[in-house]
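Structural characterization, general
The primary structure of each chain is shown beneath.
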Amino acid sequence: MIPAPFDYVAAESTTHALDLLDSLGEDAKLLAGGHSLLPMMKLRLATPAALIDIGRLTELIGIRSDGDELVIGAATPHAAVAGSDLVRADAPLLAHSAAQVGDPQIRHRGTIGGSLAHADPAADLPMALVALGGRVDLLSQDGTRSVAADDFFTGFFETSLEPGELIASVRVPRQPGAAWGYQKFVRRANDWAIVGAAAINGRIALANMGPTPLRARAAEQALADGASPAEAAELAAEGTEPGEDVHADRDYRRHLARVLTRRALENRT
Ligand SMILES: Cc1cc2nc3c(=O)[nH]c(=O)nc-3n(C[C@H](O)[C@H](O)[C@H](O)COP(=O)(O)OP(=O)(O)OC[C@H]3O[C@@H](n4cnc5c(N)ncnc54)[C@H](O)[C@@H]3O)c2cc1C
């Protein structure tokens, strides 16, 4: 459980971080809260030659509203998202999701950008961002681009981040008063979802039902066509290819997706 040797450099600004990403190349990794990267390094599943610490860059931390959207800096810890009055009022599903991540220690170190870049299909915030129809703002030496959550997660622990890019911020639509539901089935407190479901405004996202967070599109279409939540939820697992592990086989995960989607559509948390 000891990582391979690596260099460490604390970035002094976002520009400095981008310079370092360029000069150090693909052997370097960004370090935010370290709560996913360091366990991977200890297991030697990741062996970066250098870490570029962006976790203390104040320009990447904070929450503000910008027209119809909330903008959350990538290095904002989960606890700040969960406790923000702004997020609780305008995107309560996101605040609730951040409050479900691990335990208080993890929520005070782990960051929203780190969670999205890590792209664990069982994680909370990727599912929440997909349900909300959010976006991720990416920054590189070439400028910025904004990627919809639906397009950001491209495979198992894979995203559309290109070499030299970092997540600068996360955008979610402001939806005060919208009905929403959030369900996370776990074996133990503080765990990742065996299956998760989040629903808001006719959008339904699932966690751990495939290599990425997924939209339950057949159920969404049924809702749009006038089906009841119970009827629509019966279609939640359509088209999914969930994995199997010691916690659940494929059929049990599909069953969970249907049950959790119904509860999420009934606005239960
Ligand atoms: C015991 C334990 C329990 C947990 N339980 C849960 C849980 O229930 N639900 C859940 O969702 N998560 C859970 N997590 C994961 C937690 O949410 C992590 O904080 C999160 O996945 C990673 O965030 P981080 O800031 O720690 O990222 P880091 O570990 O620092 O980085 C993770 C990856 O993202 C990259 N990265 C970081 N920031 C950026 C950026 N701005 N731009 C581009 N790339 C970036 C890094 O290079 C690295 O590849 C748990 C973790 C632990 C250790």
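As shown above, the structure is provided for reference.
Since this is a predicted model, take the numbers as computed values, not measurements. (Residues numbered from 1 in each chain as written. Predicted model: local features only at pLDDT ≥ 70, side-chain atom pairs only at ≥ 80, totals over all residues. Heavy atoms only, no water.)

**Focus on the nonpolar core**
Residues Leu93, Leu94, Leu116, Phe152 and Ile167 are the most contacted members of the largest nonpolar core, which totals 39 residues. Ranked by residues supplied to this core, first place goes to helix 8 (residues 124-132) with seven residues. Each of domain 2 (58-173) and domain 3 (180-266) gives at least three residues to this core. Other than its neighbours up to four places away in sequence, Leu116 contacts Leu125, Pro126, Leu129, Val136, Phe152, Phe153, Thr159, Ile167 and Val170. Among the nonpolar cores identified, the runner-up in size contains 18 residues, and Val195, Ala197, Met209 and Ala222 belong to it. (Core = buried A, V, L, I, M, F, W, Y, C linked by side-chain atoms within 4.5 Å. Buried < 20%, exposed > 50% of the residue type's maximum accessible area, 1.4 Å probe, protein only. Helix = DSSP H or I, 4+ residues; strand = E, 2+ residues; numbered from the N terminus. Domains from an automatic or database assignment. Contact = heavy atoms within 4.5 Å.)

**Brief notes about the sheet that holds strand 11 (residues 180-185)**
Taken in spatial order, the four strands make up an open sheet running 11-12-13-14, and their pairing is antiparallel. Every other strand in the sheet has two partners, leaving strand 11 and strand 14 (214-215) as the edge strands with one partner each. Pairing of strand 11 with strand 12 (residues 195-200), which is carried by six bridges, proceeds in the antiparallel orientation. Bridging across to strand 12, Gly181 finds its partner in Ala199. Along the sheet face, helix 5 (residues 92-99) touches strand 11 and strand 12 and points at about 20 degrees away from the line of strand 11. The strands touched by helix 12 (residues 250-265) are strand 11, strand 12 and strand 13 (203-207); relative to strand 12, the strand with the most contacts, the crossing angle is about 30 degrees. (Pairing = 2+ DSSP bridges. Axes fitted to C-alpha atoms, helices over the stretch in contact; angles between N-to-C directions.)

**Considering the layout of surface pockets**
Any empty space left between the atoms is revealed when a probe the size of a water molecule rolls over them. Considering only enclosed or pocket space, the largest pocket measures out at about 1,400 Å³ in volume. Forming the walls of the largest pocket are 48 residues, and the residues nearest its centre are Lys29, Ser36, Gly114, Ala117 and His118. Those elements that provide at least two residues to the lining of the largest pocket are strand 2 (28-31), helix 2 (37-42), helix 7 (112-118), helix 8, strand 9 (158-159) and strand 10 (166-173). Element by element, the count of residues in the lining of the largest pocket is highest for helix 7, at five residues. (1 Å grid on protein atoms, 1.4 Å probe; cavity = no way out; pocket = protein on both sides within 12 Å on 5 of 7 lines; lining within 4 Å. Points joined across faces, edges and corners; volume = space filled by probe spheres on them.)

**Section: a nonpolar patch on the surface**
Residues Met1, Leu43 and Leu45 make up a contiguous nonpolar surface patch of roughly 390 Å² in combined accessible area. Looking at the secondary structure, you find Leu45 in the loop between helix 2 and strand 3 (50-53). Of the residues examined, Leu45 reaches a relative accessible area of 63% and is grouped as exposed. (Patch = residues over 30% accessible without salt bridge, like charges linked within 9 Å, V, L, I, M, F, W, Y side chains within 5 Å. Areas by Shrake-Rupley, 256 points an atom, 1.4 Å probe, with all protein chains shown as cover. Salt bridge = Lys/Arg side-chain N within 4 Å of Asp/Glu carboxyl O.)

**A look at the packing of helix 5 against helix 8**
Between helix 5 and helix 8, whose axes approach to 9 Å, the crossing angle comes to 170 degrees. Between helix 5 and helix 8, the angle falls in the class roughly antiparallel. Mapping the contact onto sequence places Leu93, Leu94, Ser97 and Ala98 in helix 5 and Asp124, Leu125, Ala128 and Leu132 in helix 8. Partitioning the contact of helix 5 with helix 8 into residue classes produces six nonpolar, one polar and one charged. (Parallel < 35°, antiparallel > 145°, perpendicular 65-115°, else oblique. Nonpolar A, V, L, I, M, F, W, Y, C, P; charged D, E, K, R; others polar.)

**A short note on the pattern of salt bridges**
Taken as a whole and judged by the stated rule, the model has 17 salt bridges. Two residues, Asp66 and Arg171, come together in a salt bridge whose shortest N-O distance is 3.1 Å. With Asp66 in strand 4 (residues 63-66) and Arg171 in strand 10, this residue pair connects regions lying 105 residues apart in the sequence. Overall, Asp66 belongs to the partly exposed group, its relative accessible area being 35%. On the basis of relative accessible area, Arg171 is assigned to the buried category, the value being 14%. Between Arg215 and Glu220 there is a salt bridge, with its nearest N and O atoms 2.8 Å apart. On the basis of relative accessible area, Arg215 is assigned to the buried category, the value being 17%. Note on Glu220: relative accessible area 9%, which makes it buried. One salt-bridge network, in which partners are shared between bridges, spans Asp66, Glu69, Arg135, Asp137 and Arg171.

**Digging into the site of the ligand**
For the ligand, the set of nearby residues contains 31 residues, the closest of which are Leu30, His35, Ser36, Leu37 and Thr111. For the ligand, an oxygen atom lies 2.6 Å from a polar atom in the side chain of Thr111. Note that a nitrogen atom of the ligand is positioned 2.8 Å from one of the backbone N or O atoms of Ile167. Looking at the shell around the ligand residue by residue, the class counts come to 14 nonpolar, 13 polar and four charged. (Near = heavy atom within 4 Å. Polar contact = N/O pair within 3.5 Å; in protein donor to acceptor, adjacent residues only side chain to side chain.)

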